[in-house]
Amino acid sequence: MPNAVTIARIEHRNILGPMKILNALILALASCCAACATLEHGRGGFQLPVPKSGSNVKPTTFDLRDPRKTDELSDKLIEKRALFIGEIHDRPEHHQNQLRLIQNLYERYPNIVIGVEYFQQPFQTYLDDYLAGRIDEREMLIRTEYFKRWKIDYRMLQPILRFAREKHIPVLALNISDEIHTKVFHGGLKSLTPQERTHIPDDIQPIGNDYRNRLQTIFNAHPEGDSFESFVEGQQLWDEAMADVAANYLNDHPQTFLVVLAGLGHMMYHDGIPKALDRRLGGRLSAVAINGNQFGEFPGIADFLLAATSTDALPKPGKLGISIEDGKSDVRITELIPDGAADEAGINSGDHIVALEGMKVTNIAELKAVMFDKRPGDAVSVTVRREHLLSGEKELQFNVTLR
C-alpha cells in the first residue's frame, strides 16, 4: 500500500454541516487510489456535490453495543451473499464494530469468510499459515510485509485476526500488490507487461459518472500520477482486483457468506468493490454498512450505518528512543533521544540493529513486527552490529527497558 497521507480532516461532532462532513469523507477516502488516507479529527474539507444515489431511502443506524441491534442487522442479510463493512482505517471503534458483526454472523453462518484490504494477494499463503497455526503472529506480519505495505496500527485489527484463527475462519487477502497498482497509477493499465497482466482481472469495467466525478475533484485538488486517466485506472484496478478475489471464492464456495473489511471510499453509494462483486455474482447480492451515524442524512450512501462510539485509546507503545533507517540488511540507528531507553542502555548512534528478542531484523518493517505490542516498561533484548575503526565490526547485546 502506498504511504499514508493526510488528505482531509473530518469533524465528527457535527460542528460542520452534513454536506461538509460528507464532502471531506468522499475526498479523503476515494483518494485511496493515490494513497490510503489517514483521517484525523478536526475541521475542514472540500465542497463536492452529493453523488446521485438513485435512492430516497436514508440508511438506518445501528448501535452494535446493543446485542439486539446486532441481531436485527444480521437478520436483514439473510438473502445476501456478502456484507461490506466500511471503515476509516485508523479508528479503533470502527474495527470494534467489525468484530461485533463478525462474531454475530459467525453464529448464524458457520461457513463465513472474511475478506480484507489490509493484506495483498501474493501473501495469501502466509496468512493461511497463520490461521492454521503453522506460524505465529509475528512471523505472519513479517512474511506478509504488513508494516511495509499497510502500516496502520495492527493492534486495531488483531482481535479480528485472532478470532478468525480461533474459529478457523478463512481470511482472504484481497488487495492487489503495490508493485502492480503503483505502476498502473502512474502509467495506466497500458504500462503493464503481459506477465503483469496475468495478475489482474481481465474484465475491468469503466466506473460510473458519479464515482468518476468524485475522483476528478480529488485529482484537481491533489494531482497524483501521470494523468487523470491513470489515476482513475488505478482506482478501477484496486476495486476490481479485490472484487475478483472475493467473487472467485464465493463461486467456488456457494454456501459461504462473505464479510469484506475495507475503506469507506471503496464502497460508498455501492460503488467500487460492491458494484464489481455484484456484477460478477449476477445480481445485487451484497449489502454495505459504513461506520458513522453522522451520514444518515444522505440517501443511498449505504444500506446501513453503524454508530461509531468513541472508545479508549490503544495502550501507549513502548519506545526504544531512536531514529532509524533501512540499511542493506539491517536497521541503522541515525539518532538517539538523549537519556532515552536506548541511550541509557549504552546503544550508540550509528549502530546497526540486527536482532530483537533473538529474532533477525533486516528492515524497519520487520522491526515493527517484533515491537508492535511492546509497552513502556517492557524489557527488550537488542543485538547491534557496531563498527569501530580499530577493532572492526562486532556484535553487542543490550537489554533495553522501553519508555
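Residues numbered from 1 in each chain as written. Predicted model: local features only at pLDDT ≥ 70, side-chain atom pairs only at ≥ 80, totals over all residues. Heavy atoms only, no water.

A.B. asks: Just checking my understanding: could you explain the packing of aromatic side chains for this structure?
C.D. replies: Centre distance and the angle of the planes are the two values used to describe a pair of aromatic rings. Tallying each qualifying case throughout the model produces 13 aromatic pairs. Consider the rings of F119 and Y146, whose centres lie 5.6 Å apart with planes at 45°: the pair is tilted. One end of the pair, F119, is in strand 5 (residues 112-120); the other, Y146, is in helix 6 (residues 146-149), with 27 residues separating them in the sequence. Pairwise contacts between aromatic rings join F119, Y146, F147, Y154 and F372 into one cluster. (Phe/Tyr/Trp six-rings, centres within 6.5 Å; stacked < 30°, edge-to-face > 60°. Helix = DSSP H or I, 4+ residues; strand = E, 2+ residues; numbered from the N terminus.)

A.B. asks: What is the right way to read the environment of G392 from this model?
C.D. replies: Tracing the backbone through its elements, the reader meets G392 in strand 15 (residues 392-401). Given a relative accessible area of 27%, G392 falls into the partly exposed group. Those residues in contact with G392 that lie beyond four places of it in its chain are R386 and E387. (Buried < 20%, exposed > 50% of the residue type's maximum accessible area, 1.4 Å probe, protein only. Contact = heavy atoms within 4.5 Å.)

A.B. asks: I'm lost on the packing of helix 2 (residues 67-75) against helix 3 (residues 92-108) in this one. Help?
C.D. replies: Helix-helix packing is characterised by the crossing angle of the two axes and by the distance between the axes. Following both chains from N to C, one finds helix 2 and helix 3 inclined at 60°, their axes separated by 10 Å at the closest point. Viewed along their axes, helix 2 and helix 3 adopt a mutual orientation that is oblique. Two packed elements cross with a definite hand, and for helix 2 against helix 3 that hand is right-handed. In this structure, helix 2 uses T70, D71, L73, S74 and D75 to contact helix 3, whose residues at the interface are R100, L101, N104, L105 and R108. Looking at the contact of helix 2 with helix 3 residue by residue, the class counts come to three nonpolar, three polar and four charged. (Axes fitted to C-alpha atoms, helices over the stretch in contact; angles between N-to-C directions. Parallel < 35°, antiparallel > 145°, perpendicular 65-115°, else oblique. Left-handed = near helix turned anticlockwise from the far one by under 90°. Nonpolar A, V, L, I, M, F, W, Y, C, P; charged D, E, K, R; others polar.)

A.B. asks: How do you make sense of the sheet that holds strand 7 (residues 257-263) when you look at a structure like this?
C.D. replies: Hydrogen bonds between backbone groups are what pair the strands of a sheet, and the pairing can be parallel or antiparallel. Ordered in space as 3-9-8-4-7-5-6, the seven strands form an open sheet in which the pairing is parallel. Edge positions in the sheet fall to strand 3 (60-62) and strand 6 (171-175), since each of these pairs with one other strand and no more. On average, each strand axis in the sheet is inclined to that of its neighbour by 30°, with strand direction left out of account. Note: strand 3 against strand 9 (residues 304-306), three bridges, orientation parallel. Each bridged residue has a counterpart across the sheet, and for F62 the counterpart in strand 9 is L306. (Pairing = 2+ DSSP bridges.)

A.B. asks: What is the right way to look at empty space enclosed by the protein in this model?
C.D. replies: Taking a probe equal in size to a water molecule and rolling it over the atoms shows the remaining empty space. Throughout the structure, instances matching the rule amount to two cavities of 30 Å³ or more. Empty space within the second largest cavity amounts to approximately 30 Å³. Considering the residues around the second largest cavity, the lining is formed by Y118, F119, Q120, F123, T144, Y146 and R149. Where the lining of the second largest cavity is concerned, the elements lending two or more residues are strand 5 and helix 6. With three residues, strand 5 is the single largest residue contributor to the lining of the second largest cavity. The residue inventory of the lining of the second largest cavity, partitioned by class, reads four nonpolar, two polar and one charged. (1 Å grid on protein atoms, 1.4 Å probe; cavity = no way out; pocket = protein on both sides within 12 Å on 5 of 7 lines; lining within 4 Å. Points joined across faces, edges and corners; volume = space filled by probe spheres on them.)

A.B. asks: What is the right way to read the pairing of strand 4 (residues 82-87) from this model?
C.D. replies: It is a general feature of regular strands that their side chains alternate between the two faces of the sheet. Here strand 4 lies mainly inside the structure; six of its six residues are buried. Of the two faces of strand 4, the one holding A82, F84 and G86 and the one holding L83, I85 and E87 are both buried throughout. Inspection of the sheet shows strand 4 paired to strand 7 by six bridges, in the parallel sense. Its bridge partner lying in strand 7, A82 is registered against L258.

A.B. asks: Quick question: what am I supposed to make of the pattern of salt bridges here?
C.D. replies: Two side chains that carry opposite charge are able to pair once their charged atoms sit near each other. In the structure shown here, the tally under the stated rule is 30 salt bridges. Here K69 and E72 are joined by a salt bridge, their closest N and O atoms 3.6 Å apart. You can see K69 and its partner E72 sitting in helix 2, three residues apart, about one turn around the helix. Judged by relative accessible area, which is 33%, K69 ranks as partly exposed. Judged by its relative accessible area of 33%, E72 falls in the partly exposed class. With a closest N to O distance of 3.2 Å, D244 and R280 form a salt bridge. Residue D244 is found in helix 11 (residues 228-252), and its partner R280 is found in helix 12 (residues 273-281); the two are separated by 36 residues along the sequence. In this structure R280 comes out as buried when scored by relative accessible area, which is 16%. A cluster of three or more residues bridged by salt bridges with shared partners is formed by D203, E240, D244, R279 and R280. (Salt bridge = Lys/Arg side-chain N within 4 Å of Asp/Glu carboxyl O.)

A.B. asks: What is the right way to look at the nonpolar core in this model?
C.D. replies: Where a protein is soluble and globular, its nonpolar side chains tend to be buried together. By size, the foremost hydrophobic cluster in this structure holds 48 residues, and its most contacted members are L83, I114, Y146, Y154 and L261. Those residues in contact with Y146 that lie beyond four places of it in its chain are Y118, F119, L141, K151, I152, D153, Y154 and L157. Core analysis: the second largest hydrophobic core is formed by 31 residues, W238, L258, A276 and A302 among them. (Core = buried A, V, L, I, M, F, W, Y, C linked by side-chain atoms within 4.5 Å.)

A.B. asks: In this structure, what is going on with the side chain of E93? I would like to understand it.
C.D. replies: Mapped onto the elements, E93 comes out in helix 3. Residue E93 is classed as buried on the basis of its relative accessible area, which comes to 7%. When residues no more than four places from it in sequence are discounted, the contact partners of E93 are N291, A308, T309, S310 and T311.

A.B. asks: Looking at this structure, I do not really get the packing of helix 4 (residues 124-131) against helix 7 (residues 158-167). What am I missing?
C.D. replies: Axis separation between helix 4 and helix 7 bottoms out at 9 Å; the angle between their running directions is 65°. By the angle between their axes, helix 4 is roughly perpendicular relative to helix 7. Within the contact between the two elements, helix 4 uses L127, Y130 and L131 and helix 7 uses L161, R162, A164 and R165. Considered class by class, the residues forming the contact of helix 4 with helix 7 number five nonpolar, no polar and two charged.

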